[in-house]
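Examining the three-dimensional arrangement
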Amino acid sequence: MGAPARAATPTTTAATLTAADVITQYARMAEAAFEDSLAAGKALQTAVDAFLAAPSPATLEAARQAWVAARPSYLQTEAFRFTNPIVDAWEGKVNSWPLDEGLIDYVATPAEGSENPLANANVIAAKSIKINGETVDVTTIDGPLLRKLQEAGGIKANVATGYHAIEFLLWGQDLHGTGPGAGERPHSDYDLKSCTHANCDRRAAYLKAATQLLVEDLAWIAAQWKAEGEARKHITSLPPDDALVAIFSGLASLSYGELAGERTKLALLLHDPEEEHDCFSDNTHNSHYYDALGIENVYLGRFKRRDGSLIAGPSVSDLVKARSPATDDNVRQAIATTVSRMKAIVDKANAGMKFDMMIAEGNVEGNKLVQDGIDGLLAQTNALRSAVATLALKNLKVQDSDSLRDPASIKK
């Protein structure tokens, strides 16, 4: 999948292009991407409300498909992470993972030997829980309670809000290991007349509250990228070179430490489906692909919206090309290769081999597909570093990953 051609904007030519033009376009893309995430989140909320009003296999499947459909828009926004303090402070509310699902609801096997005292709290079945020795009344399940539970006790695995909490509530645990199959939560877990696994009213209240919080959080961040929003003002108020470094730091960090490291290499080293990003729904292949696409979007200065319209304009690619066409071509090709390899993972998943099956020990074909994706991300990161050098920028910050830097330290 090669990089698409892009026409120059009418008001900007290669001769007059400035860093300010690129930064303005970057902010425009962020605004559009987060607006799309909000719209998709609202569509998910509509489907969840319809499911809760009339639980059935069909309405549950519609809610699940709305969740899957909400992910591409959000994942393409992750290219704006690791670079903006407003985005980075907010992100954990919506996309934290992995989670100790026993905090929220019933699980097949209670966690044993966990360092998390809330690993088996099962808020949906409880009346009260203890957080740092304090008794917390959980009789009423609502947004404020979920906010209190998020990273309760300072433990990141206590994920109570966001996409993955909703994913667990829609699919339930995936008990298939590295074999075929995703979570199989029955619609009757929400049926007040024929309730399975008890507490259907409280489970419905949790799902409704979590979905409402997701929409609120997406609305908040979308506002931060408007003309007077704090996230937009942060990036546009930086000195131009510092803003460009921030943009490249975000791309390189998502490419290296986050996507190549924490989301793929770690899972491959451990052969552990619990390290799969969308582990309940088996949607991880799509998540990784849209993360990679988000990096390509920002480098090329273009973003295709949910309605098919294109936000295109001056890009960091243009700046690099003005200095060194060869370097820009190298970066474009490296990114295109990565996107193509992630698409190969998607194609294989759609043919029946999901990501958790790919990472299974002994799955030579699957392991190679994932490793090819990792190798593409590493080459892409090096290409981005070369672009930074070409622009004579300093102080690039790239998120690290033990699974890449010191894989021998990763214990199974």
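One can find the structure itself at the top, above this paragraph.
All values reported here derive from a predicted model rather than from experimental measurement.

Reading guide: rules and limits
Within any chain, residue numbers begin from 1 and follow the written order of that chain's sequence. Residue-level local features of this predicted model are given only where pLDDT is at least 70; pairs of side-chain atoms are given and counted only at 80 or more, and the full residue set underlies all totals for whole chains, interfaces and linings. Calculation of side-chain values draws on the structure's entire complement of heavy atoms; hydrogens and water are dropped beforehand. Only DSSP runs of H or I with at least four residues qualify as helices, and only runs of E with at least two residues qualify as strands; both kinds are numbered from the N terminus onward. One fewer than the residue count of a helix, multiplied by 1.5 Å, yields its expected span. Two aromatic rings from Phe, Tyr or Trp, using only the six-membered ring of Trp, form a pair when their centres are within 6.5 Å; if the ring planes differ by under 30 degrees the pair is stacked, by over 60 it is edge-to-face, and anything between is tilted. Each residue is assigned to one of three classes by its accessible area relative to the maximum for its type, calculated with a 1.4 Å probe on protein chains only: buried under 20%, partly exposed between the two thresholds, exposed over 50%. Cation placement over rings: the criterion is NZ of Lys or CZ of Arg within 6 Å of the ring centroid and within 35° of the ring normal. For this analysis, a nonpolar core means a set of buried residues of the types Ala, Val, Leu, Ile, Met, Phe, Trp, Tyr and Cys, connected via side-chain atoms within 4.5 Å. Contact between two residues is taken to exist if any of their heavy atoms lie within 4.5 Å; hydrogens are not considered. Here a salt bridge means any side-chain nitrogen of Lys or Arg lying within 4 Å of a carboxyl oxygen belonging to Asp or Glu. With a 1 Å grid spanning the protein atoms alone, the term cavity applies to any set of points in which a 1.4 Å probe fits but cannot get out, the term pocket to an open set with protein on both sides within 12 Å along at least five of seven lines, and the term lining residue to any residue with an atom within 4 Å of a point. Grid points are joined across faces, edges and corners, and a volume is the space filled by probe spheres set on the points. Residues are grouped as follows: nonpolar covers Ala, Val, Leu, Ile, Met, Phe, Trp, Tyr, Cys and Pro; charged covers Asp, Glu, Lys and Arg; every other residue, Gly included, is treated as polar. Note that a disulfide, as used here, is simply two cysteine sulfur atoms within 2.5 Å.

1. A word on helix α13 (residues 364–390)
Given a rise of 1.5 Å per residue, 27 residues ought to cover 39 Å, and the 39 Å separating the end C-alpha atoms of α13 matches this to within 8%. Among the residues trailing α13, A392 stands out with phi positive, at a value near 55°.

2. Thoughts on the packing of aromatic side chains
Here the structure, examined in full by the defined rule, presents twelve aromatic pairs. Taken together, a centroid distance of 6.4 Å and an interplanar angle of 10° make the contact between F34 and W225 stacked. With F34 in helix α1 (residues 19–53) and W225 in the loop between α6 (200–224) and α7 (230–237), this residue pair connects regions lying 191 residues apart in the sequence. The exposure class of F34 is buried, given its relative accessible area of 1%. Residue classification places W225 among the buried residues on the basis of a relative accessible area of 0%. An aromatic cluster is built from Y26, F34, Y74, F80, W90, Y163 and W225, whose rings are joined through pairwise contacts. The ring of Y163 has R71 lying over it, and the distance from NZ or CZ to the ring centre is 4.9 Å. The ring of F168 has R185 sitting right over it, with the charged end atom 5.1 Å from the ring centre.

3. Considering the nonpolar core
Taken as a class, soluble globular proteins show a tendency for nonpolar side chains to be buried jointly. Counting residues in each nonpolar core, the largest one holds 125 residues, and the members touching the most others are I104, I129, Y206, L207, W225, F248 and Y299. No other element matches the 17 residues that α1 contributes to this core. Ignoring any residue separated from it by four or fewer positions in sequence, one finds L207 in contact with V48, F51, L52, I166, L169, L170 and Y190.

4. What to know about the side chain of S188
Relative to the helices and strands, S188 is located in the loop between α5 (163–171) and α6. Look past the residues within four positions of S188 in its chain and what remains in contact with it is S194, C195, T196 and C200.

5. Quick notes on unusual backbone geometry
Of note, the amide linkage connecting W97 to P98 takes the cis form, showing an omega dihedral of -15°. In this structure, P98 sits in the loop between α3 (85–95) and β1 (128–131). In the Ramachandran plot, N122 falls in the positive-phi region, its phi being about 45° despite a non-glycine side chain. Structurally, N122 can be placed in the loop between α3 and β1. At E151, a residue that is not glycine, the phi angle is positive and equals roughly 55°. In this fold, E151 is placed in the loop between α4 (143–149) and α5.

6. Focus on the pattern of salt bridges
One pass over the structure, following the stated rule, counts 24 salt bridges. Ionic pairing is found between K233 and E230, a salt bridge with its closest N-O pair at 3.1 Å. With K233 and E230 both in helix α7 and three residues apart, this pair spans about one turn of that helix. On the basis of relative accessible area, E230 is assigned to the partly exposed category, the value being 41%. Among the ionic pairs, D328 bridges to R332, the shortest N-O distance being 3.1 Å. Remark: R332 and D328 occur in helix α11 (residues 325–350); sequence separation between them is four residues, near one turn of the helix. Within the structure, one salt-bridge network assembled from shared partners comprises E31, E35, D36, K226, R232 and R305.

7. Description of the layout of surface pockets
Its boundaries defined by the atoms lining it, the largest pocket holds a volume of some 450 Å³. Every element with two or more residues in the lining of the largest pocket is listed here: α3 and α8 (240–270). Grouping the constituent residues of the lining of the largest pocket by class yields six nonpolar, four polar and nine charged.

8. Section: the state of the cysteines
According to the stated counting rule, one finds one disulfide in the structure shown. For C195, the disulfide goes to C200, at an S-S distance of 2.0 Å. For the disulfide bridge between C195 and C200, the dihedral angle about the S-S bond is near 95°, and by the sign convention the bridge is right-handed. Of the residues examined, C195 reaches a relative accessible area of 35% and is grouped as partly exposed. Judged by its relative accessible area of 2%, C200 falls in the buried class.

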